[in-house]
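Residue strings, one per chain:
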Amino acid sequence: MFIIQYLEQLLEGRGFFASFLVISGWIYVFILIGILIFYIFLYFTQVILNIIKR
Amino acid sequence: MGAENTTISIQELFMLMFLFEIGSTTLFALGIDAKQDAWLVILVALIIGLAFIWVYTELQRKFPEQNYIEIIISILGRGFGIPLALLYAVYWLWPAARNLREFGELITIVALPEESLAAILFLFILLSLYVLLSGIEVLGRTSLITLPIILIFMLSIFILIYLSGVADFNNIRPIMANGIKPVLKTAYPNVAIFPFGEILICSMFWCYTEEEKLIRKTAMLVIILSGLLLSFTLFFDVSVLGDYYTSVTRIPLLRIIRVVDVGILTNIDIIGIVIIFLGGFYKMSIFLYGVARVVATVFNVKNYSRLLTITGFFLLWVAIVFEPSYVFHRWMTPFDTNYFYITFLHIIPLLLLFINWIKERINILSEG
């Protein structure tokens, strides 16, 4: 896998603490992007519901 | 002392944030990858820093009574908020440990080469705990004395270097010889994050000030003034040492102070050491306070003093074991800003602001 190879290269010799912060930080960025997409979807659903109600 | 009784005046907040920004930055030649344009890099990074101050203070404006961790939990809920809050505690431990280690190493380099690093760090953490156990407002009040001292020392250094006639302003020229690209590349993410983005930790105590409307203006003023001071420092570093020697010198500020020679005023290294130590003490103490405050917020800890003491000694242990040497420490410098400071200090706050904004729109729509 390309990502695993890239991470191995990137984190080589950096130690557990730094590697943990890199991986967990980016995982949380993706989680937050997911939450953002969910709320955007909810927003448009609400817009459509409001149009239908009228 | 519990956070409930804490209040910080806007002057104390200004001085604390200013000292935090000066912090350990005097140790490094920030932006020196852009060679003689390093001072310009600071100014460009300052503008990016101001944009992110808007983001941080906008979050604070939406939740004026809460610290940054409470804001995260309010926006994301406990399920997603608490793991992120704990990650912030772990993340802020990193710059706290690095700061502590830097100053321990500095003492061994310039003053006590025979002394054990652990003993020096132990004394440093004891002093920090002594102040912090009295409350963040006490640290704020001490900054009213410390900041003028640092500023007077810095200005004296610039004046003495100029009077010594060692500054060759031709070293600064040509300005932007390779175009603006190297300047922009060095400014973001490196310098925009360290030191300007790191100010996010101050959002752990912004809620303790009574004049919440002035937080944004104060933070922006801090970024502008500290940015100008850093740019001026880099300007003198490069004009005295040239870009190559500035980049290879271990502590450029100490190196330029050593060349001061005005009548009886020579060997004034101690002024530089005082500046570096005071800056580092405040920066490390604010990070330590931040880490303990995150844990106290998440787990609703009542006995904050005990928690702070445990966190302080844990930080001491981390600072000793997490880096094998000072060479490793310097090797990590661009790596940490590029790969994880950027997520915690820029991307996540920006995403939180977007999520909160959309949540507000949804609430308005559902009510209307």
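Residues numbered from 1 in each chain as written. Chains lettered and ligands numbered in written order. Predicted model: local features only at pLDDT ≥ 70, side-chain atom pairs only at ≥ 80, totals over all residues.

1. Description of the overall build of chain A
The cut-off we apply is this: A run of DSSP states H or I qualifies as a helix once it reaches four residues; a run of E qualifies as a strand once it reaches two. Both are numbered from the N-terminal end. The quantity called the radius of gyration is restricted to C-alpha atoms. Its globule counterpart is 2.2 Å times the number of residues to the power 0.38. Field definition: a residue is buried when 20 or more other C-beta atoms are found within 10 Å of its C-beta, exposed when 12 or fewer are, and partly exposed for counts in between, with C-beta atoms placed from the backbone.
From N to C terminus, chain A includes two helices and zero strands. Its C-alpha radius of gyration of 19 Å places chain A more than 25% over the 10 Å reference for a compact globule of 54 residues. In terms of principal-axis extent, the alpha carbons of chain A reach across some 60 × 25 × 10 Å. Looking at chain A as a whole, 11% of its 54 residues qualify as buried.

2. A look at the overall build of chain B
Note the following rule: Contacts here follow a simple rule: the backbone-placed C-beta atoms of the two residues must lie within 7 Å.
Looking only at helices and strands, one finds 12 helices and two strands in chain B. Secondary structure elements of chain B occur, N-terminal to C-terminal, as α-α-α-α-α-α-α-α-β-β-α-α-α-α. Its C-alpha radius of gyration of 21 Å places chain B within 12% of the 21 Å reference for a compact globule of 368 residues. Along the longest, intermediate and shortest principal axes, the C-alpha atoms of chain B span 70 × 45 × 35 Å. Buried residues in chain B amount to 50% of all 368 residues. Here the analysis covers contacts within chain B between residues at least 6 apart in sequence; of these, 81% occur between residues at least 24 apart.

3. Observations concerning the environment of Gly23 of chain B
Residues and elements named next belong to chain B. Structurally, Gly23 is set in the loop between α1 (10–22) and α2 (38–62). Overall, Gly23 belongs to the buried group, with 26 C-beta atoms counted inside 10 Å. In this structure, the C-alpha to C-alpha distance between Gly23 and Ile275, residues 252 residues apart in sequence, is 8.8 Å. Apart from residues no more than four positions distant in its own chain, Gly23 is found in contact with Pro195, Gly279, Gly280, Tyr282 and Lys283.

4. Quick look at unusual backbone geometry
Residue and element names in this part refer to chain B. Going from Arg173 to Pro174, the amide bond is cis rather than trans, its omega being 0°. Residue placement: Pro174 occurs in the loop between α5 (136–164) and α6 (181–196). Cis rather than trans, the peptide bond between Phe194 and Pro195 has omega equal to 20°. For Pro195, the location among the structural elements is in helix α6. In the Ramachandran plot, Lys35 falls in the positive-phi region, its phi being about 55° despite a non-glycine side chain. With respect to the secondary-structure elements, Lys35 resides in the loop between α1 and α2. In this structure, Asn300 is a non-glycine residue whose phi angle is positive, near 50°. With respect to the helices, strands and loops of the structure, Asn300 is situated in the loop between α9 (269–299) and α10 (304–321). Judged by local crowding, Asn300 falls into the exposed class, with 6 C-beta atoms found within 10 Å.

5. Some thoughts on the interface of chain B and chain A
Opposite the 26 residues of chain B that make contact, chain A presents 23 residues. At the level of elements, α3 (68–110) and α12 (333–367) of chain B are the ones that each hand at least two residues to the side of chain B that touches chain A. Per-element accounting of the side of chain B that touches chain A gives the leading share, 17 residues, to α12 of chain B.

6. Let's talk about α6 of chain B
All names here are of chain B. Counted only if it meets this: Bend is the name given here to the angle between axes fitted to two runs of seven residues, the run ending at a residue and the run starting at it.
Along α6, the sharpest kink reaches roughly 50°, centred on Ala187 and followed within four residues by the proline Pro189. Residues of α6 that are buried: Val183, Thr186, Ala187, Pro189, Asn190, Val191, Ala192, Ile193, Phe194, Pro195 and Phe196. At its buried positions, α6 is contacted by α1, α2, α7 (215–248) and α12.

7. A word on the confidence of the model for chain B
Close reading of the predicted structure is inappropriate where its pLDDT is low. Residues and elements named next belong to chain B. Using the following cut-off: Residue-level confidence of the predictor, termed pLDDT, takes values from 0 up to 100.
Of the residues in chain B, 99% have a pLDDT of 70 or more, and the chain-wide mean is 90. Element-level mean pLDDT values for chain B span from 76 in strand β2 (residues 265–266) up to 95 in α2. Here the prediction assigns the complex a pTM of 0.93, and the interface score ipTM is 0.94.

8. A closer look at the packing of α3 of chain B against α10 of chain B
All names here are of chain B. Note the threshold: The axes used here are C-alpha line fits, helices contributing only the stretch in contact, and every angle between their N-to-C directions lies in the interval 0 to 180 degrees. In this scheme, roughly parallel covers angles under 35 degrees and roughly antiparallel covers those over 145, while 65 to 115 is roughly perpendicular and the rest are oblique. Two helices cross in a left-handed way if the nearer one is turned anticlockwise from the farther one by less than a right angle. They cross in a right-handed way if the turn is clockwise.
Packing of α3 against α10 brings their axes to within 9 Å, and their N-to-C directions diverge by 70°. It follows from the interaxial angle that α3 and α10 lie roughly perpendicular. Of the two possible hands of crossing, α3 and α10 adopt the one that is right-handed. Contacts from Leu93, Ala96, Ala97, Leu100 and Arg101 in α3 reach Leu315, Val318 and Ala319 in α10.

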